[in-house]
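Each chain, written out:
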Amino acid sequence: MRIVFAGTPAVAVPTLDALAESRHELVGAVTRADAPLGRKRTLTPSPVATRAAELAVPVIKANRLRDDETEAVRALAPDLGVIVAYGGLLRAPMLAVPRLGWINLHFSLLPRWRGAAPVQRAVMAGDTETGSAVFQLVEELDAGDVFSLERRPIGPDETAGQVLEALSFSGAAQLASVVDAIAAGEAVAAPQQGEPTLAAKLTLDDARLALTDAGDAVYARLRGVSPEPGAFVVLGGERFKIHAARLAKGADRLAPGAFGSRGGRVYLGTATHPLELLIVQPAGKKAMAAADWWRGLQNPEGMVAE
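Nothing here was measured: the structure is a model prediction, and the numbers come from that model. All residue numbers refer to position in the chain's written sequence, counted from 1. In keeping with the model being predicted, local features are shown solely for residues with a pLDDT of at least 70 and side-chain atom pairs are shown and tallied solely at 80 or more, while totals for entire chains, interfaces and linings include all residues. Side-chain calculation: all heavy atoms of the structure are included, whereas hydrogens and water are not.

Student: Account for the overall build of the chain, naming residues and giving values.
Tutor: Looking only at helices and strands, the chain has 8 helices and 17 strands in total. Dimensions of the chain, computed from the C-alpha atoms along their principal axes, are close to 70 × 45 × 30 Å. Each residue is assigned to one of three classes by its accessible area relative to the maximum for its type, calculated with a 1.4 Å probe on protein chains only: buried under 20%, partly exposed between the two thresholds, exposed over 50%. Counting across all 306 residues of the chain, residues that qualify as buried make up 49%. Every residue pair with non-hydrogen atoms within 4.5 Å of one another is taken to be in contact. Restricting the contact set of the chain to residue pairs at least 6 apart, pairs at least 24 apart contribute 64%. Carbon and sulfur atoms provide 51% of the accessible area of the chain, an area that totals close to 14,900 Å². Runs of H or I in DSSP of at least four residues are treated as helices and runs of E of at least two as strands, each being numbered from the N terminus. Every accessible area reported is derived by Shrake-Rupley at a probe size of 1.4 Å, with residue values counting cover from the shown protein chains alone.

Written out as structure tokens, the structure reads:
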């Protein structure tokens with residue numbers, strides 16, 4: 001089959017590679033436009049654009065898929081469209097271009113966590129299991145019939161970034177199998193079962209830890225927003241980033257937001273078990289070991305984070 005691919009971030013690259021290595025013909029890649037990155041705001045191609053160029057696959061860059069982009073994809077004469085984390089909606093004209101429509105690899109156990117941040121929301125909610133689904137793309141958000149559903153546990157200390165990276169590789173193989181089944185006329189899709197939940201895109205507000213919550217909930221949120229947008233609390237009116245921490249169930253309790261240190265370890269209080277801080281980043285400074293930050297403070301006693 002002739003396949004057109006749509007995707008943008010690094011988690012979409014394993015599927016792009018799997019399609020390029022398959023017996024099918026990868027005729028083009030659609031990705032979002034170059035975006036400004038870093039302190040200098042340098043325009044940078046997406047990971048998919050970069051990898052597609054290395055594979056000599058024609059690239060269409062667009063943040064919205066309008067008439068021109070639809071016609072550009074039509075000119076590729078695809079049999080099937082494949083999408084993984086493109087970052088924009090496909091409307092009816094684009095959906096109708098490939099003769100077999102589009103299939104989507106989504107990193108959740110649909111219909112749970114439809115939307116932009118399924119893994120992050122699953123971790124934040126304290127889910128112990130997630131997975132990936134390959135489904136027929138329709139105009140309604142992540143609502144199409146499912147060809148394949150694979151399950152995966154969420155480790156008690158895994159971050160969203162770690163889970164998402166693992167799913168990007170296992171999901172690529174899963175999707176490649178579905179593509180082969182579609183080509184052979186053997187693929188069967190079934191309607192989604194259960195009550196949908198929505199996984200809204202993360203905002204900076206999602207990354208702020210509510211230290212008056214129970215320690216388990218605070219730790220789940222921290223893991224869910226790691227590495228992006230990155231957990232933080234407010235200390236002295238400024239953002240204090242927490243890049244790595246763990247739940248310290250055996251440590252002495254601290255008041256919510258209070259800091260403490262014992263045996264060279266630094267703790268931050270919640271409503272129940274404290275967090276042991278591992279890597280932190282005070283405002284205006286580079287990330288550092290929490291113990292080094294603590295030793296550098298002149299008057300650490302009495303500090304309270306909000």
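Student: Would you mind going over the nonpolar core in detail, with residue names and values included?
Tutor: Buried Ala, Val, Leu, Ile, Met, Phe, Trp, Tyr and Cys residues that are joined via side-chain atoms within 4.5 Å together make up what is termed a nonpolar core. Ranked by internal contacts, the top residues of the largest apolar core, which has 33 residues, are Phe 5, Val 82 and Ile 103. Among the elements of the structure, β1 (2–7), α1 (13–21), β2 (25–31), α2 (47–54), β6 (80–84), β7 (102–106), α5 (118–124) and α6 (160–183) are those that each provide at least two residues to this core. Tallying contributions element by element places α6 first for this core, with 8 residues. Contacts of Val 82, omitting those with residues within four sequence positions, involve Ile 3, Val 4, Phe 5, Ala 6, Thr 15, Leu 19, Trp 102, Ile 103, Leu 175 and Val 179.

Student: An account of α2 is requested, with residue identities and associated values reported.
Tutor: Regarding α2, the residues found buried are Val 48, Ala 49 and Ala 52. Projection of α2 onto a plane perpendicular to its axis shows the buried side chains occupying an angular sector of 100°, all on one side. Along its buried surface, α2 packs onto β1, α1, β2 and β5 (59–61). Directions pointing from the helix axis toward each C-beta atom define the arc.

Student: Kindly report on the sheet that holds strand β9 (residues 129–136), identifying the contributing residues and their values.
Tutor: For two strands to be treated as a pair, DSSP must find at least two bridges joining them. An order of β5-β2-β1-β6-β7-β9-β10 is seen for the 7 strands of this open sheet, with the pairing classed as mixed. Bordering the open sheet on either side are β5 and β10 (146–153), each of which pairs with just one other strand. Looking at each pair of strands side by side, their axes are set apart by 15° on average, direction ignored. Examined bridge by bridge, β1 and β2 share 5 bridges and lie parallel to one another. Bridge pairing links Arg 2 to Glu 25 in β2. Structural elements are reduced to axes, namely lines fitted to C-alpha atoms, with helices fitted over the stretch in contact, and the angle between N-to-C directions of any two is expressed from 0 to 180 degrees.

Student: Could you give me a rundown of the layout of surface pockets, with the residues and numbers involved?
Tutor: Any space left empty among the atoms is revealed by the rolling of a water-sized probe across them. A 1.4 Å probe that fits but cannot get out identifies a cavity on a 1 Å grid over protein atoms alone, an open set with protein on both sides within 12 Å along at least five of seven lines counts as a pocket, and a residue lines either if it has an atom within 4 Å of a point. Grid points are joined across faces, edges and corners, and a volume is the space filled by probe spheres set on the points. Counted as a void, the largest pocket has a volume near 1,500 Å³. What lines the largest pocket is a set of 47 residues, among which Pro 9, Ala 85, Gly 87, Ala 116 and Ala 117 lie closest to the centre. Contributions of two or more residues to the lining of the largest pocket are made by β3 (35–37), β6, β7, α5 and α6. Counting residues per element, the lining of the largest pocket draws most heavily on α6, which supplies 4 residues. The classification used treats Ala, Val, Leu, Ile, Met, Phe, Trp, Tyr, Cys and Pro as nonpolar, Asp, Glu, Lys and Arg as charged, and all other residues, Gly among them, as polar. Classifying every residue of the lining of the largest pocket gives 28 nonpolar, 11 polar and 8 charged.

Student: Lay out the pattern of salt bridges with the relevant residues and their values.
Tutor: Each salt bridge in this description consists of a side-chain nitrogen of Lys or Arg and a carboxyl oxygen of Asp or Glu lying within 4 Å of one another. Summed over the entire model, instances satisfying the criterion amount to 17 salt bridges. Taking the shortest distance from any N to any O, the salt bridge between Arg 74 and Glu 71 comes out at 3.3 Å. Remark: Glu 71 and Arg 74 occur in helix α3 (residues 67–74); sequence separation between them is 3 residues, near one turn of the helix. Overall, Arg 74 belongs to the partly exposed group, its relative accessible area being 41%. A relative accessible area of 44% means that Glu 71 is categorised as partly exposed. One salt bridge connects Glu 276 with Arg 265, and the closest N-O pair in it is separated by 3.8 Å. Here the residue Glu 276 occupies a position in strand β16 (residues 275–281), and Arg 265 occupies one in strand β15 (residues 265–268), the gap between them amounting to 11 residues.

Student: So what's going on with the packing of aromatic side chains? Which residues, and what values?
Tutor: For any two aromatic rings, the description comes down to two numbers: the centre-to-centre distance and the angle of the planes. In this analysis, rings of Phe, Tyr and Trp, with Trp reduced to its six-membered ring, are considered paired at centre separations within 6.5 Å, and the interplanar angle assigns stacked below 30 degrees, edge-to-face beyond 60, and tilted for intermediate values. In the structure shown here, the tally under the stated rule is 4 aromatic pairs. Aromatic side chains Phe 240 and Trp 293 sit 4.8 Å apart centroid to centroid with 50° between the ring planes, which places their arrangement in the tilted category. Residue Phe 240 is located in strand β13 (residues 238–247), and its partner Trp 293 is located in helix α8 (residues 290–295); the two are separated by 53 residues in the primary sequence. Pair check on accessibility: Phe 240 and Trp 293 agree, each one buried. Ring centres of Trp 293 and Trp 294 lie 6.0 Å apart, and the angle between their planes is 65°; this geometry places the pair in the edge-to-face category. Each of the two residues, Trp 293 as well as Trp 294, counts as buried.

All quantities given are derived from atomic positions and should not be read as evidence of function.
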